[in-house]
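These are the residues of each chain, in order.
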Amino acid sequence: LHSWAAREAVVRVIYCYALGHADAAVLGKMVAVTLTQDTNVRNKHVGYLACRVLLRADDELTLLLVNSLQKDLGGDADALCVCFALDTVATLATTTTLPPLPLLDRRFVGCSSSSSSS
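Residues numbered from 1 in each chain as written. Predicted model: local features only at pLDDT ≥ 70, side-chain atom pairs only at ≥ 80, totals over all residues. Heavy atoms only, no water.

1. Let's talk about the packing of helix 4 (residues 61-72) against helix 5 (residues 79-92)
At their nearest, the axes of helix 4 and helix 5 sit 9 Å apart, and the two run at 145° to each other. Like other packed secondary-structure pairs, helix 4 and helix 5 cross with a definite hand, here left-handed. Residues Thr62, Leu65, Leu69 and Asp72 of helix 4 touch helix 5, and the partners they reach there are Cys81, Val82, Ala85, Thr88, Val89 and Leu92. Looking at the contact of helix 4 with helix 5 residue by residue, the classes come out as seven nonpolar, two polar and one charged. (Axes fitted to C-alpha atoms, helices over the stretch in contact; angles between N-to-C directions. Helix = DSSP H or I, 4+ residues; strand = E, 2+ residues; numbered from the N terminus. Left-handed = near helix turned anticlockwise from the far one by under 90°. Contact = heavy atoms within 4.5 Å. Nonpolar A, V, L, I, M, F, W, Y, C, P; charged D, E, K, R; others polar.)

See below:
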């Protein structure tokens, strides 16, 4: 499946889910997590959006999402990817998903110290 086709399929799954077809979420969850690992920013955006909409905090696929979150919250990530990842963390964070994200604390400490010195 090409990345543009996967992105289009996930958008359609979100649409079906929004129309009340909860069983459509089963189809798009794994593809959404895969899209979060793509290098294309549009694919990442759709992947993280789908994860926020389709996944629940107690879903097993949330643990697979942690790898993408770690990578996108790292120092070399694009600013948009960091925003997508932080939105997803705010939606899906639990005690099982936060411990593997030690970069999150450092990121906030750096932001608060730089904003207070301005």
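2. A closer look at helix 1 (residues 3-18)
With 16 residues, helix 1 extends 22 Å between its outermost C-alpha atoms, agreeing within 8% with the 22 Å of an ideal straight helix rising 1.5 Å per residue. Those residues of helix 1 that sit buried are Ala5, Ala6, Val10, Val13 and Ile14. Tucked inside the fold, the buried residues of helix 1 contact helix 2 (24-35) and helix 3 (41-54). Gly20 lies just past helix 1 and shows a positive phi near 105°. (Expected span 1.5 Å × (residues − 1). Buried < 20%, exposed > 50% of the residue type's maximum accessible area, 1.4 Å probe, protein only.)

3. Notes on the side chain of Asp38
For Asp38, the position within the fold is in the loop between helix 2 and helix 3. Side-chain polar atoms of Asp38 contact the backbone nitrogen of Asn40, separated by 3.0 Å. With sequence-adjacent residues up to four places away left out, Asp38 is seen in contact with Ser3, Asn43 and Lys44. (Polar contact = N/O pair within 3.5 Å; in protein donor to acceptor, adjacent residues only side chain to side chain.)

4. Observations regarding the environment of Ala32
Locating Ala32 in the fold gives a position in helix 2. A relative accessible area of 1% means that Ala32 is categorised as buried. For Ala32 and Val11, which are 21 residues apart along the polypeptide, the C-alpha to C-alpha distance reads 9.5 Å.

5. Re the nonpolar core
Residues Val10, Tyr48, Ala50, Cys51, Leu55, Leu65 and Leu69 are the most contacted members of the largest nonpolar core, which totals 24 residues. Ala50 has contacts with Val10, Ile14, Ala32 and Leu55, leaving out every residue within four places of it along the chain. (Core = buried A, V, L, I, M, F, W, Y, C linked by side-chain atoms within 4.5 Å.)

6. Digging into the pattern of salt bridges
With the rule as written, the count across this model stands at four salt bridges. The salt bridge partner of Glu8 is Arg12, with a shortest N-O separation of 3.1 Å. Placement of both Glu8 and Arg12 in helix 1 is noted, with a separation of four residues, approximately one turn of the helix. Given the relative accessible area of 38%, Glu8 is considered partly exposed. Owing to a relative accessible area of 55%, Arg12 belongs among the exposed residues under this scheme. (Salt bridge = Lys/Arg side-chain N within 4 Å of Asp/Glu carboxyl O.)

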